[in-house]
Amino acid sequence: MSIKRTLHCMVIILILAMIAMMTSSHYFIGKIQAVLNASQLVYMVEADMLAMRKDEKDFLAHKDIEYKEKFDSKFNQFHTDLQALNITLANADISFDNLPTLKSITNDYNSIFNEVVSIQQKIGLNKSSGFYHSLLTAAHELETQINRLDDAQLRVQLLLLRRQEKDFMLHRQNIYADAFTERLKHMQDQLSLPEYSTVRTKLTSVLEQYQESFNHFVSLSRQEGLTDNQGLIGKLRSSIKKSETILAEEASQLKSQISQAQDEAKSFLLILGIGITIVISTLVVYFANRISGRLSQVTKTMNEISNGDGDLCVTLDTKGNDEIAELGLAFNTFVGKIHSTVNVVASSVLQLASTTEEMSAVMEQAKTGAFKQQQDVNEIAVVMEEMNAAVQEVKQ
């Protein structure tokens, strides 16, 4: 594989690794965000439950229908947050098995509270409503009638009767209701005496109205619950205790699962990051060593050629299918051509040297011949001079 393709592959692997990292990060960040939202919704659901408890207690304490409206609003908000929590947990792959049970119990809690409110409305939210108003009206009418008679004994009986009535309202205990009934019977017995014959009918009628109103008041109070463990209030407390227990257990489990999901996400991202780093580092080191090794071999060979005796028989490694192999092949071809040219030049030099030697021999021969000819010419000149001298002598 060529260096260019190798680098392209490294870039592609790096891009794929980054895409995998970003995809995983996006998934786990979304999961962590969903987990954090779920954690926030858990606190919101718990806050809604506490707000409902507060409105319930405020209603029972103040007998104000405004707290019933606040309770209904918080109940609706509770179910909205509960449904949102279920959806968020589903998105985070966290189960919420107790959701149907929790919804059922809170619905029962709402129904019981509505019954308590209905009974309390019948009893009376204040002095001007319900049987409480009827009771006070009957008591005031009875008191008015007795005050007109100006009878001390009846007034004492009425005061004791009103005391039992107030004690029952204050302490909400059956002994005061029984004491009221017993005191009422004493008063009825007293009205049966002859001296009350003229007012007996009217007082008895008012007294019966008073008794009827009080009995209705007591009956409804018992239905509502005289203590936190009796009547509808007892059911209300039991229901809310169950819902709070389930919610607390579920909240604890959810918080544990949320923490576990966060740890898993962090661990996975850490392992993925380390894995990608190791893979990329290994690939970079491998390809770098591979390229560097080939280049080092080329550099070594070139140094041997430049610093040595110029041996043109040295060749580069052409193994592989990369640019270095192509460089080696081109270099070997170039050196081969130079080597051929040098061989041709060397052969021509040898031929030239041989021709020069032959020419030198011929020149030597020519030089010898020329010297011999000069000697011959000199000899001829001497002979000619001798002949010339002889001729002169003959002339004389």
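Here the structure is a predicted model, which is why all the values come from computation and not from measurement. (Residues numbered from 1 in each chain as written. Predicted model: local features only at pLDDT ≥ 70, side-chain atom pairs only at ≥ 80, totals over all residues. Heavy atoms only, no water.)

## Thoughts on helix α2 (residues 65-91)
No. 1: For α2, spanning 27 residues, the distance from its first C-alpha to its last is 39 Å, which sits close to the expected 39 Å at 1.5 Å a residue.
No. 2: If you check the start of α2, you find a side-chain oxygen 3.1 Å away from the backbone N of E66, and it comes from D64.
No. 3: A positive backbone phi angle near 60° is found at D93, which sits one or two residues after α2. (Helix = DSSP H or I, 4+ residues; strand = E, 2+ residues; numbered from the N terminus. Expected span 1.5 Å × (residues − 1). Polar contact = N/O pair within 3.5 Å; in protein donor to acceptor, adjacent residues only side chain to side chain.)

## Some words on the packing of aromatic side chains
No. 1: Counted by the stated rule, this structure contains 8 aromatic pairs.
No. 2: Summarising the aromatic geometry, the rings of F71 and Y109 are spaced 5.5 Å apart at their centres and angled 65° between planes, so their arrangement reads as edge-to-face. With F71 in helix α2 and Y109 in helix α3 (residues 99-123), this residue pair connects regions lying 38 residues apart in the sequence. The exposure classification of F71 matches that of Y109, with both residues buried.
No. 3: On the basis of an interplanar angle of 70° and a centroid distance of 6.4 Å, the ring pair of F168 and F217 is categorised as edge-to-face. Note that F168 is positioned in helix α5 (residues 152-171) and F217 in helix α7 (residues 200-224), a separation of 49 residues in sequence.
No. 4: Judged by relative accessible area, which is 1%, F168 ranks as buried.
No. 5: Clustering of aromatic rings is evident, with ring pairs tying together Y132, F168, F180, Y210, F214 and F217. (Phe/Tyr/Trp six-rings, centres within 6.5 Å; stacked < 30°, edge-to-face > 60°. Buried < 20%, exposed > 50% of the residue type's maximum accessible area, 1.4 Å probe, protein only.)

## Regarding unusual backbone geometry
No. 1: With a phi close to 55°, D150 is a non-glycine residue in the positive phi region.
No. 2: In this structure, D150 sits in the loop between α4 (130-149) and α5.
No. 3: Relative accessible area serves as the criterion here: at 59%, D150 is assigned to the exposed category.
No. 4: Backbone geometry at R172 places phi at a positive 50°, although glycine is not the residue there.
No. 5: Secondary-structure assignment places R172 in the loop between α5 and α6 (174-191).
No. 6: Residue classification places R172 among the partly exposed positions, given a relative accessible area of 24%.

## Comments concerning the side chain of E56
No. 1: With respect to the helices, strands and loops of the structure, E56 is situated in helix α1 (residues 3-62).
No. 2: A residue is classified by how much of its surface remains accessible, and E56, at 0% relative accessible area, is buried.
No. 3: If near-sequence neighbours (up to four positions away) are discounted, E56 is found in contact with F71, Y109, F113, L236 and R237. (Contact = heavy atoms within 4.5 Å.)

## Focus: the pattern of salt bridges
No. 1: Inspection of every chain in the model, using the stated rule, returns 12 salt bridges.
No. 2: Residue K68 pairs with D72 through a salt bridge whose shortest N-O separation is 2.6 Å. Residue K68 and its partner D72 are located together in helix α2, separated by 4 residues, close to a single helical turn.
No. 3: Residue classification places K68 among the buried positions, given a relative accessible area of 15%.
No. 4: Between R172 and E224 there is a salt bridge, with its nearest N and O atoms 3.3 Å apart. With R172 in the loop between α5 and α6 and E224 in helix α7, this residue pair connects regions lying 52 residues apart in the sequence.
No. 5: Among the residues examined, E224 registers a relative accessible area of 2% and is labelled buried. (Salt bridge = Lys/Arg side-chain N within 4 Å of Asp/Glu carboxyl O.)

## Considerations on the layout of surface pockets
No. 1: Taken as a whole, the largest pocket encloses approximately 310 Å³ of empty space.
No. 2: Surrounding the largest pocket, 18 residues form its lining, L60, K63, Q120, R172 and E224 being those nearest its centre.
No. 3: For the lining of the largest pocket, the residue count by class is 8 nonpolar, 5 polar and 5 charged. (1 Å grid on protein atoms, 1.4 Å probe; cavity = no way out; pocket = protein on both sides within 12 Å on 5 of 7 lines; lining within 4 Å. Points joined across faces, edges and corners; volume = space filled by probe spheres on them. Nonpolar A, V, L, I, M, F, W, Y, C, P; charged D, E, K, R; others polar.)

## Some remarks on α7
No. 1: Its 25 residues place the ends of α7 35 Å apart at the C-alpha level, agreeing with the 36 Å of an ideal helix rising 1.5 Å per residue.
No. 2: Burial in α7 covers these residues: L203, V206, L207, Y210, S213, F214, F217, V218, L220, S221 and E224.
No. 3: Note on α7: the residue one or two positions beyond its end, G225, has a positive phi of about 120°.

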